[in-house]
Amino acid sequence: MPASIIDELNALFEEALHIEVPGPHTDLIDSGLLDSLQLVQLLLQIEERMGTRIPLDEVDLEDLRSIGRLADLIGQRT
Amino acid sequence: MSGLLQDLVARHAARQPEATAVVHEKNRVSYGDLEAASNRLARRLREAGVRPGDRVCFLAPKSTLPLIWMLGILKAGAIHVPLDPASPAARLQKIIDACEPRLVLTPDEPFTDGDSDAPLEPAARPEDPAHILFTSGSTGVPKGVVITHASVMAFVEWGLAHFGLDATDRVSGYTPLHFDLSTYDIFGAYAAGAELHLVPPETALLPHRLARFIREARLTQWFSVPSVLNYMAKADAVAHGDFPSLRRIMWCGEVLPTPALIHWMRRVPHARFTNLYGPTEATIASSYHDVAACPESPAAHIPIGRACGGEELLLVDGELCIGGAGLSPGYWRDPAKTAEAFVPHPRRAGKRIYRTGDLGRMRPDGLFELVGRADTQIKSRGYRIELGEIEAALGTLPGLRESAVVAIPTDGFEQWLICCAYVPLPGTAPAPAALRAALARLVPGYMLPARWQQHAALPRNANGKVDRPRLKQEFQECQQASLTS
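The shown structure was predicted, so the numbers you read here are calculated from the model rather than taken from an experiment. (Residues numbered from 1 in each chain as written. Chains lettered and ligands numbered in written order. Predicted model: local features only at pLDDT ≥ 70, side-chain atom pairs only at ≥ 80, totals over all residues.)

1. Observations regarding the overall build of chain A
Reasoning step 1: Tallying secondary structure elements over chain A gives 3 helices and 0 strands in all.
Reasoning step 2: The order of helices and strands in chain A, counted from the N terminus, is α-α-α.
Reasoning step 3: The C-alpha atoms of chain A give a radius of gyration of 11 Å, which matches the 12 Å a tight globule of 78 residues would have.
Reasoning step 4: Projected onto its principal axes, the C-alpha coordinates of chain A cover approximately 25 × 25 × 20 Å. (Helix = DSSP H or I, 4+ residues; strand = E, 2+ residues; numbered from the N terminus. Rg over C-alpha atoms; globule rule 2.2 N^0.38 Å.)

Right under this line is the structure:
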């Protein structure tokens with residue numbers, strides 16, 4: 001898991017979505033932290049702040065499960 | 001037939017026991033099995049001391065188990081109270097305290113180990129409560145809406161006749177069980193002997209996955225809040241001529257934006273589209289409008305139509321009021337709120353009407369239209385939210401001197417954006433994320449503000465009240481600035 005991407009994602013969740021995520025392995029979906037509204041915001045913010053486009057129609061829910069998984073996905077796409 | 005909701009299942013269990021009643025992921029429950037399992041449960045509940053009129057709560061993720069519970073509770077003559085598994089414990093506690101259940105069923109204690117499949121004698125009458133559904137209350141305490149067997153049955157019978165639902169149907173079970181629209185999915189399907197396909201909540205997070213679900217389950221009926229349809233339209237998840245089995249699409253709970261409706265009507269031209277309207281207090285829906293042709297203009301206003309069979313829609317000083325078969329007896333143990341909302345019918349002695357708080361008007365063609373709200377209640381993603389409930393919860397957080405919650409309209413699929421302006425106590429500087437996390441322990445996720453603004457003091461009007469219009473304007477300006485940046 002790329003540490004710098006995780007830091008950036010933590011900041012994004014905190015500042016843009018106002019969501020405190022307990023840790024990089026916290027399940028964002030089962031914990032109810034992410035709903036469809038925040039999910040769309042999240043993808044938008046990742047594109048704006050990190051320059052990585054993750055199209056909604058291509059995304060696999062498993063890649064969004066935790067900050068760690070998201071960081072891996074972004075790492076692969078950049 | 002005793003006119004009770006559980007009869008709907010018994011009838012099909014006798015006629016077609018092998019037919020599928022409920023599907024959830026790999027799990028299928030037949031009418032025969034549903035009947036037998038709920039009979040066993042009803043007997044176990046009786047042994048555990050459940051008496052007619054008792055409340056029994058249940059708490060479980062959406063699956064076939066809570067559907068068996070629901071039916072078994074009714075068969076024991078008790079009232080079922082579905083609890084939202086996504087709701088914070090503090091809020092669930094308020095609901096449990098209010099309804100004083102004999103039992104709370106959970107997957108750890110499912111009470112499904114009874115050994116006799118034989119049905120119990122009916123222990124309720126049609127005019128008795130079947131369930132209590134809790135909705136947002138402006139003072140911070142959720143309000144329990146009591147719904148009778150007869151009210152649900154009246155809507156189900158109208159729906160069956162109007163929509164032509166039958167045993168070949170495969171209907172969506174999108175709505176969570178603690179939310180009133182699910183009542184029609186469930187009992188409408190049972191009444192028709194149709195298949196109910198529960199939509200896993202995760203599936204609904206991604207519009208393309210949801211579209212695949214509809215395709216693979218070959219659903220014939222979709223019923224949800226409009227935000228889902230809007231979400232799928234915005235994500236372009238529906239292909240031209242998609243969902244060939246889908247015969248009808250219905251929405252209720254808020255306004256479906258006309259551009260999304262046009263999109264759907266062009267993509268799925270073989271389906272029938274119906275706008276339903278009505279609050280929980282009048283059971284599922286009270287009026288309907290079948291959209292006959294695709295609207296020509298995205299600015300066209302879609303009416304809420306005319307009253308469903310057995311219901312009445314009327315305007316009293318511009319406020320939409322509802323009378324008839326769906327009317328709840330009132331709020332659970334709250335005669336004051338009941339008397340405020342359920343008032344005598346202006347023209348029919350001895351009858352009541354429910355004041356919806358929605359403002360409406362009647363068009364020259366006799367169809368009703370929504371105009372707005374008379375209070376601070378909003379609908380976001382179909383959830384009914386009293387901004388006062390959020391403010392009341394914020395008021396209990398340490399570190400805040402005061403706060404105000406306003407909602408601004410958006411063109412996103414969620415329709416409203418909840419915004420919070422707050423003043424921290426001197427010497428503290430709580431971050432929005434920390435406030436949000438603390439608030440999330442008190443109210444469900446859909447009530448959490450998306451925008452936060454720290455103020456040195458809240459703006460006030462000449463009467464000393466918080467100037468909400470000004471706060472709204474400020475949030476709106478911020479929103480526009482962020483969209484154009």
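Still to come is the rest of the account.
2. Structural notes on the sheet that holds strand β24 (residues 416-424) of chain B
Hydrogen bonding along the main chain pairs the strands of a sheet, whether they run parallel or antiparallel.
Residue and element names in this part refer to chain B.
Reasoning step 1: Ordered in space as β23-β24-β25, the 3 strands form an open sheet in which the pairing is mixed. Looking at strand neighbours, the two that pair on one side only are β23 (400-409) and β25 (451-454), the edges of this open sheet. The sheet shows a mean angle of 20° between the axes of neighbouring strands, direction not considered.
Reasoning step 2: In this structure, β24 lies alongside β25, joined through 4 bridges in parallel fashion. Each bridged residue has a counterpart across the sheet, and for Tyr422 the counterpart in β25 is Gln454.
Reasoning step 3: Each of β23 and β24 touches helix α11 (residues 387-394); the most contacted strand, β23, lies at about 155° to it. (Pairing = 2+ DSSP bridges. Axes fitted to C-alpha atoms, helices over the stretch in contact; angles between N-to-C directions. Contact = placed C-beta atoms within 7 Å.)

3. Focus on the packing of helix α5 (residues 149-163) of chain B against helix α6 (residues 181-192) of chain B
Angle between the axes and distance between the axes: these two values describe a pair of packed helices.
Residue and element names in this part refer to chain B.
Reasoning step 1: At a closest axis distance of 9 Å, the pairing of α5 and α6 adopts a crossing angle of 65°. Handedness of the α5/α6 crossing: right-handed. Contacts between α5 and α6 involve Val152, Phe155, Val156, Gly159 and Leu160 on the former and, on the latter, Thr183, Tyr184, Phe187, Gly188, Ala191 and Ala192.
Reasoning step 2: Considered class by class, the residues forming the contact of α5 with α6 number 8 nonpolar, 3 polar and no charged. (Left-handed = near helix turned anticlockwise from the far one by under 90°. Nonpolar A, V, L, I, M, F, W, Y, C, P; charged D, E, K, R; others polar.)

4. Quick look at the domain arrangement of chain B
Reasoning step 1: Looking at chain B, the domain boundaries give domain 1 (6-362) and domain 2 (377-484).
Reasoning step 2: Averaged C-alpha coordinates put domain 1 of chain B and domain 2 of chain B at centres separated by 30 Å. (Domains from an automatic or database assignment.)

5. Notes on the pairing of strand β22 (residues 383-386) of chain B
Residues and elements named next belong to chain B.
Reasoning step 1: Alignment of strand β21 (residues 377-380) against β22, held across 4 bridges, turns out to be antiparallel. Across the sheet, the residue bridging to Lys379 is Arg384, located in β22.
Reasoning step 2: Linking β21 to β22, which pair antiparallel, is a turn of 2 residues; within it Arg381 sits at a positive phi near 50°.

6. Describing helix α3 (residues 64-75) of chain B
Residues and elements named next belong to chain B.
Reasoning step 1: With 12 residues, α3 should reach 16 Å at 1.5 Å per residue; the first-to-last C-alpha distance of 17 Å fits that figure.
Reasoning step 2: Most of α3 sits out of view: 12 of its 12 residues are buried.
Reasoning step 3: The positive-phi residue at the C-terminal boundary of α3 is Gly77, with phi of around 80°. (Expected span 1.5 Å × (residues − 1). Buried ≥ 20, exposed ≤ 12 C-beta atoms within 10 Å, placed from the backbone.)

7. A look at the nonpolar core
Nonpolar side chains in soluble globular proteins tend to end up buried together.
All names here are of chain B.
Reasoning step 1: Within the largest apolar cluster, 136 residues are counted, with the highest numbers of intra-cluster contacts made by Leu34, Leu45, Val56, Ile132, Phe155, Phe187 and Met232.
Reasoning step 2: Those residues in contact with Leu45 that sit more than four places away from it in its chain are Val50, Val56, Gly72, Ile73, Ala76, Ala78 and Phe111.
Reasoning step 3: Counting residues in hydrophobic clusters, the runner-up holds 28 residues, among them Val406, Trp416, Cys419 and Ala450. (Core = buried A, V, L, I, M, F, W, Y, C linked by C-beta atoms within 7 Å.)

8. A look at the interface of chain B and chain A
Reasoning step 1: Taken together, the contact pairs 19 residues of chain B with 14 residues of chain A.
Reasoning step 2: Of all the elements in the fold, those that place two or more residues in the side of chain B that touches chain A are α7 (207-216) and α12 (432-439) of chain B.
Reasoning step 3: The element best represented in the side of chain B that touches chain A is α12 of chain B, accounting for 5 residues.
Reasoning step 4: Considering only residue class, the side of chain B that touches chain A consists of 13 nonpolar, 2 polar and 4 charged.

9. So, unusual backbone geometry
Residue and element names in this part refer to chain B.
Reasoning step 1: Phi at Glu25 is positive, roughly 50°, even though this residue is not glycine.
Reasoning step 2: Relative to the elements of secondary structure, Glu25 occurs in the loop between β1 (20-24) and β2 (27-30).
Reasoning step 3: Positive phi, close to 50°, is recorded for Asp317, a residue that is not glycine.
Reasoning step 4: Within the secondary structure layout, Asp317 lies in the loop between β15 (311-316) and β16 (319-324).
Reasoning step 5: Residue Asp317 is classed as exposed on the basis of its C-beta count, with 8 C-beta atoms lying within 10 Å.

10. Details of the environment of Thr139 of chain B
All names here are of chain B.
Reasoning step 1: Positionally, Thr139 belongs in the loop between β6 (129-135) and β7 (143-148).
Reasoning step 2: Assessed through the 12 C-beta atoms surrounding it within 10 Å, Thr139 is described here as exposed.
Reasoning step 3: Thr139 has contacts with Gly388 and Ala392, leaving out every residue within four places of it along the chain.

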